[in-house]
Amino acid sequence: MLEGPKVSQSELAKRFGVSQPQICRIIKNKERILSEWQRNGDPERKRKREGKDVALEAALLRWVEGARGTDLPVSGSLLQLKAKHLAEALGRPDPQPSCGWVARFEARHDLAFKKPPAERGDAEQPTAERWASTVLPSLLRSYTLSEIYACGETGVLLPATSPGKGESASDRLTILLCANADGSEKVPLRAVGESLRPPCLQGVNLGQMPWSYRAGSQAAVTAPLFTEWLREFNEGMRRQGKSILLLLTKHEAHPYLQLSNVRMVFIPPAPALAQPMDCGIASDLKGHYRCRLLRWQLAERGTGQPTLLDILHMLVQSWGDVRPGLIASCFRAAGFSPDASTETVTSNLLSQEHHALSDKELERNGELADGDKGPAEDEDMGEPAVQPCPSEREVWGSLATLRRYLECRATSPDLFQAFYELEDTVHMVSSG
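Every chain is numbered independently, its residues counted from 1 as its sequence is written. Residue-level local features of this predicted model are given only where pLDDT is at least 70; pairs of side-chain atoms are given and counted only at 80 or more, and the full residue set underlies all totals for whole chains, interfaces and linings. Only hydrogens and water are set aside when side-chain values are computed; all heavy atoms of the structure are taken into account.

The chain is annotated in an unreviewed UniProt entry as TIGD3 protein from Galbula dea.

Here it is as structure tokens:
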């Protein structure tokens, strides 16, 4: 209308029922208004409404434009996680943007997130069988065995706190496992539980533990939690100077990220392929965990059930018990090694230690040696008293005290490896 026949501002004001000064301001700011309208792309929008935090929205919008420029898939959950990181960087008092805030941000800027290329349909992607026979072999030949990793999740039940209690999210943990194809590196475990701040973790130097713990809804690994782990994993590979291939299953909680040192590849559903963690690695870990849990109960280290802190240490020890040879065999059986064959992982590949405890240990039924009888009656009272042999209860109590000291004062997760070896040695002596 402004480009057509000459019409006075007063006539336009009468036609649209507004004041003449308003028409004047519109004509004066025509270029800016048209530019913002075209950038927004919503012809139905009548007002320019901005969020309360303009700086945060501007920073987030720049990130979205940059991500789209590099063809990086963006989802609503990833957008919410990035908004949280930007809010923390900007020093906002409440750095957790709500789902409603993210939805309004998307509506204000007309953002519609599309699925990543790997999810757009079979017409654009090779079939799973063709991918396994043609794409995968060339992909694996580009990396050494130590540079091919796989990650997966498995659930672990916690000891019941009371008989007859039904299973709930608070009764289990989800463990994120990751290892490379030759078993030379097992990434520290990431455990996800439902409790946000477990009382048993208070006072623990969490940054120096050989495990990490996060809280998630229903004790599940969500997209933000997995994204956090991925970025930490990528940073660890960057510090090592390694560029690796990461194999994982396609899941809504596994967003694709373009990382500097980690190339993510989703395993398509094909008969010739399987998740390596599901071919015996996760079950071997849980077998060792059950063995250590029973050992803990037989030792009667205290009343009640083990705490979450005890369970996390048991899981780390169990992860260390999984042999590199078994991990390598599971990768070959899953079809993810350059020399992969039709090898099947049978039960003899799994460690036999957790299938049955020795008869001697089972017969003990938790009976602990007394060993606290003091000096003999005919002992010469003039001589210094001989320290009696401590009971097993006292030994385990001392180990618990030492572990607590390390939990509060440790300067490196590696210190716990020496402690775990000492604990295993004491168990061998007590069961001998």
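Moving on, we get to the overall build of the chain. The numbering of helices and of strands both runs from the N terminus, where a helix is a DSSP run of H or I of at least 4 residues and a strand a run of E of at least 2. The number of helices and strands found in the chain is 14 helices and 6 strands. Note on areas: Shrake-Rupley with a 1.4 Å probe; residue coverage comes only from the protein chains shown. Element-wise, carbon and sulfur atoms account for 53% of the exposed surface of the chain, whose accessible area totals about 24700 Å².

Side chains of strand β3 (residues 190–193) alternate between two faces, with R190 and V192 and A191 and G193 buried alike. The pairing criterion for strands is at least two bridges between them, as found by DSSP. Examined bridge by bridge, strand β2 (residues 172–180) and β3 share 3 bridges and lie antiparallel to one another. Pairing of L176 across the sheet is with R190, part of β3. Where β3 lies against strand β4 (residues 212–215), 4 bridges are found, and the strand directions are parallel. Residue V192 lies in a different strand from β4, and its bridge partner there is R214. Between buried and exposed lies partly exposed: a residue is buried under 20% and exposed over 50% of the maximum accessible area for its type, with that area taken using a 1.4 Å probe on protein chains only.

The working definition used for a salt bridge is a side-chain nitrogen of Lys or Arg within 4 Å of a carboxyl oxygen of Asp or Glu. The full count for this structure, using the stated rule, is 12 salt bridges. Between R190 and E232 there is a salt bridge; the shortest N-O distance is 2.5 Å. You can see R190 sitting in strand β3 and its partner E232 sitting in helix α8 (residues 223–240), a full 42 residues away along the chain. Taking relative accessible area as the criterion, R190 reaches 5% and is therefore assigned buried. Residues E235 and R238 are paired through a salt bridge, measuring 2.5 Å at the closest nitrogen-oxygen approach. Taken together, the residues E235 and R238, both in helix α8 and 3 residues apart, mark about one turn of the helix. Of the residues examined, E235 reaches a relative accessible area of 29% and is grouped as partly exposed. Using a relative accessible area of 44% as the deciding quantity, one classes R238 as partly exposed. Linked through salt bridges whose partners overlap, the residues forming this network are R190, R214, E228 and E232.

Okay, helix α7 (residues 128–141) next. When the terminal C-alpha atoms of α7 are compared, their 19 Å separation across 14 residues agrees well with the 20 Å that a helix rising 1.5 Å per residue should span. A maximum bend of about 40° is found in α7 at V135, where proline P137 lies one to four positions downstream. Every buried residue of α7 is listed here: A128, W131, A132, L136, L139 and L140. The criterion used for residue contact is that any of the two residues' heavy atoms lie within 4.5 Å. Turning to α7, the residues buried within the fold contact β1 (148–157), β5 (244–249) and β6 (262–267). Expected span of a helix, by definition, is 1.5 Å for each gap between consecutive residues, and there is one gap fewer than residues. Throughout, the bend at a residue refers to the angle made by two axes, fitted to the seven residues ending there and to the seven starting there.

Any two rings among Phe, Tyr and Trp, with Trp reduced to its six-membered ring, count as a pair given centres within 6.5 Å; such a pair is stacked if its planes are under 30 degrees apart, edge-to-face if over 60, and tilted if neither. Scanning the entire structure with this criterion turns up 5 aromatic pairs. Members of the aromatic cluster, joined through ring pairs, are Y149, F226, W229 and F233. When the NZ atom of lysine or the CZ atom of arginine is within 6 Å of a ring's centre and also within 35 degrees of its normal, the charge is said to sit over that ring. A cation over a ring is seen here: K186 above W319, with NZ or CZ 5.8 Å from the ring centre.

Put simply, a patch holds well-exposed residues, over 30% relative accessible area, that have no salt bridge, with like charges counted together within 9 Å and Val, Leu, Ile, Met, Phe, Trp or Tyr side chains within 5 Å. A cluster of nonpolar residues, L402, Y405 and L422, forms a patch on the protein surface that exposes about 270 Å² of accessible area. With respect to the helices and strands, the residue Y405 is situated in helix α13 (residues 392–409).

What follows is about the confidence of the model for the chain. A residue's pLDDT is the confidence the predictor assigns to it, expressed on a 0 to 100 scale. Mean pLDDT over the chain stands at 76; residues scoring 70 or higher make up 73%. Segment residues 162–168 is flagged for pLDDT under 50; beyond a separation of four residues in sequence, or across chains, it makes 5 contacts in the model.

Attention now moves to the sheet that holds β4. Strand order in this open sheet of 6 strands is β4-β3-β2-β1-β5-β6, and the pairing throughout is mixed. At either margin of the open sheet sits one strand with a lone partner, and together these are β4 and β6. For this sheet, the mean inter-axis angle between neighbouring strands, taken without regard to orientation, is 25°. As a rule, the C-alpha atoms of each element are fitted with a line to give its axis, helices using only the stretch in contact, and angles between N-to-C directions run from 0 to 180 degrees. The sheet strands contacting α7 are β1, β5 and β6, and the helix crosses β6 at an angle near 160°. Sitting on the sheet, α8 is in contact with β1, β2, β3, β4, β5 and β6, with an inclination near 160° to β5.

Next up on the list: the environment of Q202. With respect to the element layout, Q202 can be found in the loop between β3 and β4. For the pair Q202 and C408, spaced 206 residues apart in sequence, the C-alpha separation works out to 9.4 Å.

Located in the positive-phi region is Q218, a residue other than glycine, with phi close to 60°. Following the sequence through the fold, Q218 ends up in the loop between β4 and α8.

Among the 6 residues in β6, 5 count as buried, and that is most of the element. Here β5 runs beside β6; their pairing, made up of 6 bridges, is parallel. Within the sheet, the bridge partner assigned to I244 lies in β6 and is V262.

Packing of helix α1 (residues 9–16) against helix α2 (residues 20–28) leaves a shortest axis separation of 8 Å and a crossing angle of 110°. When the axes of α1 and α2 are compared, the pair comes out roughly perpendicular. Contacts from Q9, S10, L12 and A13 of α1 reach α2 at Q20, I23, C24 and I27. Residues are sorted three ways: Asp, Glu, Lys and Arg are charged, Ala, Val, Leu, Ile, Met, Phe, Trp, Tyr, Cys and Pro are nonpolar, and all the rest, Gly among them, are polar. Class assignment for the residues of the contact of α1 with α2 results in 5 nonpolar, 3 polar and no charged. Angles are sorted into four bins: roughly parallel if under 35 degrees, roughly antiparallel if over 145, roughly perpendicular if 65 to 115, and oblique for all others.

Turning our eyes to something else, we now look at the environment of A191. Of note, A191 is situated in strand β3. Here A191 falls in the buried class, since its relative accessible area comes to 2%. Once the C-alpha coordinates of A191 and V221 are considered, the two residues, 30 residues apart in sequence, prove to be 8.9 Å apart. The residues contacting A191, other than those within four sequence positions of it, are T174, I175, S212, Y213, R214 and L312.

Taking 1.5 Å of rise per residue, 14 residues should cover 20 Å, and helix α10 (residues 308–321) covers 20 Å from first to last C-alpha, within 8% of that figure. Burial of α10 is extensive: 12 of the 14 residues sit out of reach of the surface. For α10, every residue scored as buried is listed here: L308, L309, D310, I311, L312, H313, M314, L315, V316, Q317, S318 and W319.

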